[in-house]
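Coordinate analysis (summary)
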Amino acid sequence: MRYAIEAERLTKRFRDLAAVDGVSFTVSESEIFGFLGPNGAGKTTTIKILATLLRPSSGRATVNGYDVVRQAASVRRSIGMVFQDSSLDERLTAEENLLFHAVLYRVPQREALKRAGELLELVGLSERRRDLVRTFSGGMRRRLEVARGLLHRPAVLFLDEPTLGLDPQTRTHIWDYIRLLHRELGTTVFLTTHYMEEAEVCSRIGIIDYGKIIALDTPAGLKKLVGGDVVAVKAADNRELRDQVRQRFCLEGKEDGEAVYFETPDGRTFIPELVRAVPDVREIYLRQPTLEDVFLKLTGRAIRDKGGDAVEWMRIRHTAWRRRRRG
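Attention in this report is confined to the structure presented alongside it. Since we're looking at a predicted model, the values are computed, not measured.

**Considering the overall build of the chain**
- Looking only at helices and strands, one finds 12 helices and 14 strands in the chain.
- Burial statistics for the chain: of 327 residues in total, 48% are counted as buried.
- A separation threshold of at least 6 residues defines the contact pool for the chain, and within that pool the share at least 24 residues apart is 71%.
- With an accessible surface of roughly 16,400 Å², the chain has 47% of that area assigned to carbon and sulfur atoms.
- Averaging the locations of the 54 positively and 46 negatively charged side chains of the chain gives two centres separated by 6 Å.

If you want it as structure tokens, here you go:
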């Protein structure tokens, strides 16, 4: 099988901190592959290595068959990028942004005009092709960036938190377009996200935390790690609740600050028994396992947006690491 991306023990260190710590994975051609994890987990650093924007400290990786260190120019010709922050020129029109990108990638003018028209149609911006980008909403800019990333027909499209900061409705629209483009063009997509619903569109997901891949499987396969049903409970005292359930049912709960989650083979039988045993329950509900539950099970905490400041989160991680090292 030919892989679009191969990474073997990929590592990136910033002084004593391993932002990416020996990750290994493969991505098949035409696959939608995702990295799921909180801010500061190493997702963006991994993408930057694969896109030749950062040099790995050790390990190796290939993209479209090219080594990211020794054949960086060939890798760059093989990929499209959508960064977390907008990189469009607001003084140009939508079409001009695409055509300028075509010049950089040496796409012939006639072919560039044809592709620009097709992509603008696909992302629903054909009627705004001659409007300045500064008049576009955040969602429209994201759609245009996805179109620009695909203009030179890359083998791999990297999407780094492509809907960060957008409202839920706009995020849904963006993903409708990405799925459409994937079906139409068959491009390999590598995305990073901390939104659970976005990770669900991936054929496979690598859950990454503190620079390490802690699980890698299909969404359905990952959810099987939880097993059975998930019962979420809120009580007057969640700590006391956990103690009582541990003693009465021999179940260990996971807490995310608001509720306590219990895994049980049969939630419908467990709930009435729990209510009888723990009288101060305030809220209780049953649901099927989610990717949030998987992350909670594997790490003991929920994925939370740390505020979007990756540099600050890296500093916090480094401080915590130094404290652990001092013992």
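**Some remarks on the environment of Met 81**
- As for its placement among the helices and strands, Met 81 is situated in strand E6 (residues 79–82).
- Taking the C-alpha atoms as reference points, Met 81 and Ala 61, 20 residues apart in sequence, are found 17 Å from one another.

**Considering the sheet that holds strand E14 (residues 281–287)**
- Ordered in space as E12-E13-E11-E14, the 4 strands form an open sheet in which the pairing is antiparallel. Whereas interior strands pair on both sides, the edge strands pair on one side only; in this sheet they are strand E12 (254–255) and E14.
- Of the pairings in the sheet, the one linking strand E11 (residues 229–235) to strand E13 (residues 260–264) comprises 5 bridges and is antiparallel in character. When the sheet's bridge partners are listed, Val 233 is paired in E13 with Val 260.

**Some details on the nonpolar core**
- Leu 36, Leu 144, Leu 159, Ile 205 and Ile 207 are the most contacted members of the largest nonpolar core, which totals 50 residues.
- No other element matches the 5 residues that helix H5 (residues 138–150) contributes to this core.
- If we ignore the near neighbours within four places in the chain, the residues touching Leu 36 are Lys 43, Thr 193, His 194, Tyr 195, Met 196, Ala 199, Ile 205, Gly 206, Ile 207, Ile 208, Leu 291 and Ile 303.
- Leu 10, Leu 50, Val 63 and Val 156 belong to the second-largest nonpolar core, a separate cluster that totals 25 residues.

**Overview of the packing of aromatic side chains**
- Overall, the coordinates contain 9 aromatic pairs when judged by the stated rule.
- With centroids separated by 5.5 Å and ring planes inclined at 10°, the aromatic side chains of Phe 25 and Phe 33 adopt a geometry described as stacked. Each member of the pair, Phe 25 together with Phe 33, is buried.
- Look at Phe 33 and Phe 190: their rings are 5.4 Å apart centre to centre, the planes differ by 35°, and that puts the pair in the tilted class. Within this pair, whereas Phe 33 is found in strand E3 (residues 32–36), its partner Phe 190 is found in strand E8 (residues 188–193), the two being separated by 157 residues in sequence. Considered together, Phe 33 and Phe 190 belong to a single accessibility category, that of buried residues.
- These aromatic residues form a ring-pair network of at least three members: Phe 25, Phe 33, Phe 35, Phe 158 and Phe 190.

**A word on a nonpolar patch on the surface**
- Together, Phe 100, Leu 104 and Tyr 105 make up a nonpolar patch on the protein surface, roughly 310 Å² of accessible area in all.
- Inspection of the secondary structure puts Tyr 105 in the loop between helix H3 (94–104) and helix H4 (109–122).
- Given a relative accessible area of 31%, Tyr 105 falls into the partly exposed group.

**A closer look at the pairing of strand E1 (residues 3–14)**
- Note: E1 against strand E2 (residues 17–28), 9 bridges, orientation antiparallel. Bridge pairing in E2 places Tyr 3 opposite Ser 28.
- The hairpin turn running from E1 into E2, its antiparallel successor, is 2 residues long, and Arg 15 in that turn takes a positive phi close to 60°.
- With 5 bridges connecting them, E1 and strand E4 (residues 58–63) associate as antiparallel partners. Its bridge partner lying in E4, Glu 6 is registered against Thr 62.

**Some words on H4**
- The end-to-end C-alpha distance of H4 is 20 Å, a good match for the 20 Å that 14 residues give at a rise of 1.5 Å each.
- Taken as a whole, H4 has its buried residues at Ala 112, Arg 115, Ala 116, Gly 117, Leu 119 and Leu 120.
- Of the surrounding elements, those touching the buried residues of H4 are H3, H5 and helix H6 (168–185).

What counts and how
- Residues numbered from 1 in each chain as written.
- Predicted model: local features only at pLDDT ≥ 70, side-chain atom pairs only at ≥ 80, totals over all residues.
- Heavy atoms only, no water.
- Helix = DSSP H or I, 4+ residues; strand = E, 2+ residues; numbered from the N terminus.
- Buried < 20%, exposed > 50% of the residue type's maximum accessible area, 1.4 Å probe, protein only.
- Contact = heavy atoms within 4.5 Å.
- Areas by Shrake-Rupley, 256 points an atom, 1.4 Å probe, with all protein chains shown as cover.
- Lys, Arg positive; Asp, Glu negative; His and termini not counted.
- Charge placed at Lys NZ, Arg CZ, Asp CG, Glu CD.
- Pairing = 2+ DSSP bridges.
- Core = buried A, V, L, I, M, F, W, Y, C linked by side-chain atoms within 4.5 Å.
- Phe/Tyr/Trp six-rings, centres within 6.5 Å; stacked < 30°, edge-to-face > 60°.
- Patch = residues over 30% accessible without salt bridge, like charges linked within 9 Å, V, L, I, M, F, W, Y side chains within 5 Å.
- Salt bridge = Lys/Arg side-chain N within 4 Å of Asp/Glu carboxyl O.
- Expected span 1.5 Å × (residues − 1).

Shape is all these values report; function is a separate question.
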